[in-house]
Amino acid sequence: MLRMSTLFLRTLREDPADAEVPSHKLMVRGGYVRRAAPGVYTWMPLGKIVLDNVAGVIREEMNRIGGQEVLLPALLPREYYDASGRWTEYGDTIFRLKDRKGADYLLGPTHEELFTLLVKGEYSSYKDFPVILYQIQEKFRDEARPRAGVLRGREFHMKDSYSFDIDDDGLQRSYDLHRSAYIRAFDRLGLRYVIVSAMSGAMGGSASEEFLAETPTGEDTFVRSTESDYAANVEAVRTPAPPALPIEGQPQAQVHHTPDTPTIETLVDFFNAAGLGRTFTAADTLKNVLVKTRAPGAADWEVMGIGLPGDREVDMKRLEAVLHPSEVALLDEADFAANPFLVKGYVGPNALLHNKLRYYVDPRVVEGTAWITGADKADHHVMNLVCGRDFVPDGTIEAAEVREGDPSPDGRGTLYTARGIEIGHIFQLGRKFANAFELDALGPDGKPRRVTMGSYGIGVSRVVAAIVEQSHDDKGIVWPREIAPADVHVVGTGKGEQNEVALRIAGELEARGVRVLVDDRKGVSPGVKFTDAELLGVPTALIVGKGLDQGVVELRDRATGERAEIPLEAAVERVAAAVAGG
RNA sequence: CGGGGAGUAGCGCAGCUUGGUUAGCGCGCAUGCUUUGGGAGCAUGAGGCCGCGGGUUCGAAUCCCGCCUCCCCGACCA
C-alpha cells in the first residue's frame, strides 16, 4: 500500500519552466521524474512503478515468443566497437571514457557487438539455433539535442533484443515473432500507433519497420491515407505512376524563344502570355534538377539529372534515402563550368542523355506525357517534348516531395502527414555483425554457416512518455490501468474519522490484491487532495469524505469523470469490480 | 554548428533600462491558532555563491569584457 503521508513525492502547482510538451510537464509536476542533468532523469517512486509496469508488459511478451532475458554490462571496452567499425561510425553520439590505465571505454548505446560475441562464445552448432536474447537496461547516447523530458534522453531505459538464425527464412520468422510481440505489447499498453516501413526499398535486402505512437508532439513525420490504414515514412512512399498515354497524334516538339525565364514561375507566366490557346501551370513543366553522387570510397563525383514536374521540389531526404549509401550534393559553379553543355536554368533531358549522364525521372513522368522543358540553350524552352518519343530516361526515381493530398500508393484515399514518436524498431540486420565477428555455426554437412541476425528495440522510458502524450487532459495524467502506479486512489477528506476509514478500506482492498494508493495526509484540504489525485492519474478513485456520516462514499473514474455515490459497505466490492472490469 | 530566449531560495517569477543602505513576491517548507468537498486564513520563522571569472566604481544582481550552462527552433542523429 502506498501512503501519501509518507510517500517520497512532491507535486508541483506550476509547470516547470523548461518543459514544453505535455508528458514532460505532467511527469515532472506529478513527481514521477526529476531532471538530474540535460537529458538525464531520476525516476521517483511512482515513476519507477510505472516504468517497471511497462517493462513488465514488454518482458511478458518477449518471453511469450521465447525470448530469454539476460543483462549485459553498459560499460564496454572499445575493442568490440572497433571490430564492428562503430567506435568511429557513431561519432559524437557515443559517451566515451578512459579507465585508470588510459584504456578506452564507452557506455553502450546499443549492444549488437556484445550479443554477437556472447552467442559466438556459447554456441557452435546449427542445432543450437534459433535463439532470441534480450535485455532491459539503461542505454547511453550523447544526443546533440536532448528534449522533452524522458522522450529523448541521453540516458534511457530500453528493451533490446537480438535474434540469431542459421538462414534467411529463420530470420524472417524471428522478425515476424518480434513484430507480433510488439503489436501485443503496444496494444496492452493502450497506445495508438502505426507501423511504418522505415526505409526505401531501393536500399535492398534488409527489412525494417518502425512503430510510431501518433501524437502531435512526435519528432517523426509520416504519411497516412485518409481511406485505408496505409502508413509510411516519407522516405518510403512510392509514387503511383499514372497510365501511359499514346504517343501517336501528339504535336511535334517546338523550341520557343523564352527570354528571361530561368525559373518555373517566370516560364509559366511567359507561356500563358504567349496566346497559345491554353493555360499552363507549373505541373506542365519538366524541371531538371542536377545533383552529383559519390559511392562510398569512390574518388569522383558523378553528375546526375532528375526530371520532375515543375510544381514539385526535390526532397533531399528522400533522395538521400534512395541513393544511400552514396553521398548526394547539389552542383556548384565548378561543376557547371566542367560541363558546359548544362545551361543553368535551361537544362533539358537531352543535354544529359546525349552527354552520357544518367537521367532519372519522377514516376509521374510516364511514356506519352508532354512537357515544357529546357532547350539546353540560354533563353530557350521546348514545348511538347514527349517522354518515350523525344527523350527516354534511364529510369524513375523517388526524389520528389510528398504532399498532403497526393494519392495513396495503395490506391485508396489521399495522403496526409502526421507526427509520431518512435517507440519501437524492428530490423533485419543480416550478417553485418556476424561477419565482423565471424559468428558461424556448423551445419548438418559439417561446414560452417554464417549466422544471420535481427535487432529489435523498444524505448521503455520513451513509451511511458508516449502514453502520457496520448492519455492526459488539462487536469493531469490518465493512466491505462495496466501500467498505472496503482489501481485505486483512496482519498480521505475531512477532519473526522475519514482518514481511518480510508485506511481500513485500503487495507481490505489490498488484501484482495488491488494495488492501492491512499491519501491519508492530515490537515490537507480536500481541494489539494482532489487535484493531486487528478494530476497523478490513477484510473479509479474512492473518496471517503463528507458522505461518511450518511454511510456513503464516492467512486470516481479518472478517464470518464463519472462519479457515483455508493454505500460504504459496498465500497470494497465496487472498487474490486471496477478494477477487474476496467 | 546556425538562429532566438534565459540563468536571482526547492519550484515559478519580479528587480537590471536609470548602480545606492537590509535583494523582493507567490507556491512549497517549519511553528501556533482557526479552517476541512475543489490548490484555506491569520501570525511568526527558516531558506540566497543574484551562473562563473575579471574589470569600472566610494559602492555592482544592475554597467563593461571574457567564459560556462540551460531552454526553444533548425541542422545533425534514430
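No experiment lies behind these values; they were computed from the predicted model shown.

The rules behind each value
- Residues numbered from 1 in each chain as written.
- Chains lettered and ligands numbered in written order.
- Predicted model: local features only at pLDDT ≥ 70, side-chain atom pairs only at ≥ 80, totals over all residues.
- Heavy atoms only, no water.
- Domains from an automatic or database assignment.
- Core = buried A, V, L, I, M, F, W, Y, C linked by side-chain atoms within 4.5 Å.
- Buried < 20%, exposed > 50% of the residue type's maximum accessible area, 1.4 Å probe, protein only.
- Helix = DSSP H or I, 4+ residues; strand = E, 2+ residues; numbered from the N terminus.
- Salt bridge = Lys/Arg side-chain N within 4 Å of Asp/Glu carboxyl O.
- 1 Å grid on protein atoms, 1.4 Å probe; cavity = no way out; pocket = protein on both sides within 12 Å on 5 of 7 lines; lining within 4 Å.
- Points joined across faces, edges and corners; volume = space filled by probe spheres on them.
- Nonpolar A, V, L, I, M, F, W, Y, C, P; charged D, E, K, R; others polar.
- Axes fitted to C-alpha atoms, helices over the stretch in contact; angles between N-to-C directions.
- Parallel < 35°, antiparallel > 145°, perpendicular 65-115°, else oblique.
- Contact = heavy atoms within 4.5 Å.
- Expected span 1.5 Å × (residues − 1).
- Arc of directions from axis to C-beta.
- Near = heavy atom within 4 Å.
- Polar contact = N/O pair within 3.5 Å; in protein donor to acceptor, adjacent residues only side chain to side chain.
- Pairing = 2+ DSSP bridges.
- Phe/Tyr/Trp six-rings, centres within 6.5 Å; stacked < 30°, edge-to-face > 60°.
- Lys NZ or Arg CZ within 6 Å of the ring centre and 35° of its normal.

Trainee: What's the story with the domain arrangement of chain A in this structure? I'm lost.
Mentor: Interface size is commonly expressed as the accessible surface area that is lost when the partners come together. Domain parsing of chain A yields domain 1 (35-237 + 417-468), domain 2 (254-396) and domain 3 (478-581). Each of domain 2 and domain 3 has a C-alpha centre, and the two are 69 Å apart.

Trainee: Would you mind going over the nonpolar core with me for this structure?
Mentor: General note: in soluble globular proteins, nonpolar side chains tend to be found buried as a group. Ranked by size, the top nonpolar core spans 57 residues in total, and within it Phe-186, Leu-191, Ile-423 and Trp-479 carry the most contacts. Among the elements that take part in this core, helix α2 (residues 45-64) stands out by supplying 8 residues, more than any other. The two domains that each donate at least three residues to this core are domain 1 (35-237 + 417-468) and domain 3 (478-581). Core analysis: the next-biggest nonpolar cluster, separate from the first, contains 24 residues, Leu-133, Phe-437, Ala-441 and Val-451 among them.

Trainee: Would you explain the pattern of salt bridges in this entry?
Mentor: Side chains that differ in charge, positive against negative, can pair when their charged atoms come close. All told, the structure shown has 39 salt bridges when counted by the stated rule. Between Glu-61 and Arg-184 there is a salt bridge; the shortest N-O distance is 2.9 Å. With a gap of 123 residues between them, Glu-61 in helix α2 and Arg-184 in helix α6 (residues 168-188) connect regions that are remote in the sequence. We classify Glu-61 as buried; its relative accessible area is 1%. Asp-519 is the salt-bridge partner of Lys-529, the closest N and O atoms lying 3.9 Å from each other. Of the two residues, Lys-529 sits in helix α14 (residues 526-536) while Asp-519 sits in strand β29 (residues 516-519), which places them 10 residues apart along the sequence.

Trainee: Just to check I follow, could you spell out empty space enclosed by the protein for this structure?
Mentor: Empty space among the atoms becomes visible once a probe the size of a water molecule is rolled across them. One pass over the structure, following the stated rule, counts 1 cavity of 30 Å³ or more. Here the largest cavity defines a volume of roughly 50 Å³. Around the largest cavity, the lining residues are Val-237, Thr-239, Pro-240, Arg-364, Val-402, Asp-406, Pro-407, Pro-409 and Leu-415. When grouped by side-chain class, the residues that make up the lining of the largest cavity number 6 nonpolar, 1 polar and 2 charged.

Trainee: What's the story with the packing of helix α1 (residues 22-29) against helix α12 (residues 460-470) in this structure? I'm lost.
Mentor: Packed helices, taken two at a time, are described by the angle between their axes plus the distance between the axes. Close contact between α1 and α12 brings their axes to 8 Å; oriented N to C, the two are set at 105 degrees. Between α1 and α12, the angle falls in the class roughly perpendicular. Side by side, α1 and α12 meet where Pro-22, Ser-23, His-24, Leu-26 and Met-27 of the first sit next to Val-464, Ala-465, Val-468 and Glu-469 of the second. Of the residues assigned to the contact of α1 with α12, the class counts are 6 nonpolar, 2 polar and 1 charged.

Trainee: What's the story with the layout of surface pockets in this structure? I'm lost.
Mentor: Reported here for the second largest pocket is a volume of approximately 410 Å³. Elements supplying a minimum of two residues to the lining of the second largest pocket: α7 (264-273), β15 (286-294) and β19 (370-377). Examining the composition of the lining of the second largest pocket, we find that 4 residues originate from one element, β15, more than from any other.

Trainee: Honestly, unusual backbone geometry in this entry has me stumped. Any pointers?
Mentor: Trans is the prevailing form of peptide bonds, just as negative phi is the prevailing case for residues other than glycine. The step from Phe-129 to Pro-130 runs through a cis peptide bond, and the omega angle for that step is 0 degrees. Along the chain, Pro-130 falls in the loop between α5 (112-122) and β8 (131-140). Backbone geometry places Glu-438, a non-glycine residue, at a positive phi of 50 degrees. Position of Glu-438 relative to the elements: it lies in the loop between α11 (432-437) and β23 (440-442).

Trainee: Mind showing me how you'd approach α6 here?
Mentor: Residue pairs spaced three or four apart in an α-helix point in one direction, given the helix's 3.6 residues per turn. In this model, α6 (21 residues) spans 30 Å end to end at C-alpha, consistent with the 30 Å of a helix rising 1.5 Å per residue. Burial in α6 covers these residues: Gly-170, Leu-171, Ser-174, Tyr-175, His-178, Ala-181, Tyr-182, Ala-185 and Phe-186. Within α6, the buried residues cover an arc of 135 degrees as seen down the axis, which keeps them to one side. For α6, exposure combined with an orientation more than 90 degrees from the buried face picks out Asp-169 and Arg-173. Backbone geometry just downstream of α6 places Gly-190 in the positive-phi region, at approximately 75 degrees.

Trainee: Sorry if this is basic, but what is going on with the protein's contact with RNA strand B here?
Mentor: Neighbouring RNA strand B are 38 residues; Arg-13, Arg-152, Glu-534, Arg-556 and Arg-563 lie closest to it. What you see for RNA strand B is that sugar and phosphate hold 52% of its atoms within 4 Å of the protein. Note that a base oxygen of RNA strand B is positioned 3.1 Å from one of the side-chain N or O atoms of Arg-29. Glu-422 is positioned such that a nitrogen or oxygen atom in its side chain is 3.5 Å from a base nitrogen of RNA strand B. Of all the elements in the fold, those that place two or more residues in the surface near RNA strand B are α14 and β31 (552-557). Residue contributions to the surface near RNA strand B peak at 7 residues, all from α14. For the surface near RNA strand B, the class distribution of residues is 11 nonpolar, 6 polar and 21 charged.

Trainee: How should the sheet that holds β19 be read in this particular structure?
Mentor: Pairing between the strands of a sheet is mediated by backbone hydrogen bonds and can be parallel or antiparallel. Taking strand neighbours across the sheet as the criterion, the 3 strands line up as β14-β20-β19 in an open arrangement whose pairing is antiparallel. If you trace the sheet from one side to the other, it starts and ends with β14 (254-257) and β19, each paired once. On average, adjacent strands in this sheet sit at an angle of 30 degrees to one another, irrespective of strand direction. In this sheet, strand β20 (residues 380-386) lies alongside β19 in antiparallel orientation, the contact comprising 5 bridges. Within β20, the position partnered with Gly-374 by the bridge is His-381. Packing of α7 onto the sheet brings it into contact with β14, β19 and β20, and relative to β20 it is tilted by some 80 degrees.

Trainee: Would you take a moment to explain the packing of aromatic side chains for this structure?
Mentor: Each aromatic ring pair is summarised here by two numbers: the centre-to-centre distance and the angle between the ring planes. Using the criterion set out here, one finds 12 aromatic pairs in the structure. Between Phe-271 and Phe-280, the ring centres sit 5.6 Å apart and the planes meet at 65 degrees, which makes this aromatic pair edge-to-face. The pair Phe-271 / Phe-280 is uniform in exposure class, with both members buried. In textbook terms, an aromatic cluster arises when at least three aromatic residues are bridged by ring pairs, as seen for Tyr-182, Phe-186, Tyr-193 and Phe-211. Above the plane of the ring of Phe-530 lies Arg-556, whose end atom (NZ or CZ) is 4.5 Å from the centre.

Trainee: Would you mind showing me how to read the sheet that holds strand β17 (residues 327-330) here?
Mentor: Read across the open sheet, the 5 strands follow the order β17-β15-β16-β18-β21; overall the sheet is mixed. Either end of the sheet is taken by a strand with one partner, and the two such strands are β17 and β21 (395-396). Judged from the 4 bridges that link them, strand β16 (residues 302-309) and strand β18 (residues 358-361) form a sheet pairing that is parallel. Looking across to β18, one finds that Ile-306 is bridged to Tyr-360.

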